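Observations on the three-dimensional arrangement
Now for the letters of each chain:
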Amino acid sequence: SYVKIMKTYIMESGDGYSKFTGSPSQIIDQMTTQSKMAFRNREDMRRTYASFVCDWTGSAVRFHSDEDLVSDLILSGVLKEQK
C-alpha cells in the first residue's frame, strides 16, 4: 500500500523554532495558530508574513495563495525541511 510521508518544516523566529507539517494549507493554519499576532483574515496573515520575510531576506514573496507563500518561504530559506 502507498503511504504518503508528510514533510516537516522548521521556521526559526525570535521565539526559537516552530515546526509545521502537512500541505501548504495545513502549514498556513499552523502558522496562524502559533502566531502571537492577530490577523483579520487568512489573506491578511499571508500578506503580513510575506512582508516580514521580504524585509528580512530581501527575497520577493508571493502571498495570493497558501501554496505560493509556502513555496516562497521555502525558496527564501525561512522555512526549512526537517531531514
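Described below are features of the structure shown in this document.

Conventions used here
- Residues numbered from 1 in each chain as written.
- Predicted model: local features only at pLDDT ≥ 70, side-chain atom pairs only at ≥ 80, totals over all residues.
- Heavy atoms only, no water.
- Helix = DSSP H or I, 4+ residues; strand = E, 2+ residues; numbered from the N terminus.
- Expected span 1.5 Å × (residues − 1).
- Buried < 20%, exposed > 50% of the residue type's maximum accessible area, 1.4 Å probe, protein only.
- Contact = heavy atoms within 4.5 Å.
- Polar contact = N/O pair within 3.5 Å; in protein donor to acceptor, adjacent residues only side chain to side chain.
- Core = buried A, V, L, I, M, F, W, Y, C linked by side-chain atoms within 4.5 Å.
- Pairing = 2+ DSSP bridges.
- Axes fitted to C-alpha atoms, helices over the stretch in contact; angles between N-to-C directions.

1. Some thoughts on helix H2 (residues 42-57)
- The end-to-end C-alpha distance of H2, which contains 16 residues, comes to 22 Å, matching closely the 22 Å that a straight helix rising 1.5 Å per residue would cover.
- Within H2 the residues assigned to the buried category are Asp44, Met45, Arg46, Tyr49, Ala50 and Val53.
- Looking at the packing, one finds that the buried side of H2 touches strand S1 (8-13), helix H1 (24-34) and helix H3 (66-75).
- Its side-chain oxygen at 3.1 Å from the backbone nitrogen of Glu43, Asn41 defines the N-terminal cap of H2.
- Of the residues flanking the end of H2, it is Gly58, one or two places downstream, whose phi is positive at about 80 degrees.

2. Some words on the nonpolar core
- Core analysis: the largest hydrophobic core is formed by 18 residues, its most contacted members being Met11, Ile27, Met31, Tyr49, Leu69, Leu73 and Leu79.
- Of all the elements in the fold, those that place two or more residues in this core are S1, H1, H2 and H3.
- Top contributing element to this core by residue count: H2, with 4 residues.
- Those residues in contact with Leu79 that lie beyond four places of it in its chain are Tyr9, Ile10, Met11, Phe20, Ile27, Val70, Leu73 and Ile74.

3. Observations concerning the side chain of Asp72
- With respect to the element layout, Asp72 can be found in helix H3.
- By relative accessible area, which is 7% here, Asp72 ends up buried.
- If we ignore the near neighbours within four places in the chain, the residues touching Asp72 are Ala60, Val61 and Arg62.

4. Some details on the sheet that holds strand S3 (residues 79-81)
- Across the sheet, which stays open at both edges, the 3 strands sit in the order S2-S1-S3 with antiparallel pairing between neighbours. The open sheet is flanked by strand S2 (16-21) and S3, the only strands paired with a single partner. If you compare each strand with its neighbour and ignore which way they point, the axes differ by 30 degrees on average.
- Pairing geometry for S1 and S2, over 6 bridges, is antiparallel. Directly across from Glu12, in S2, lies its bridge partner Tyr17.

Note that every value here comes from positions in space, so none of it alone points to a role or purpose.
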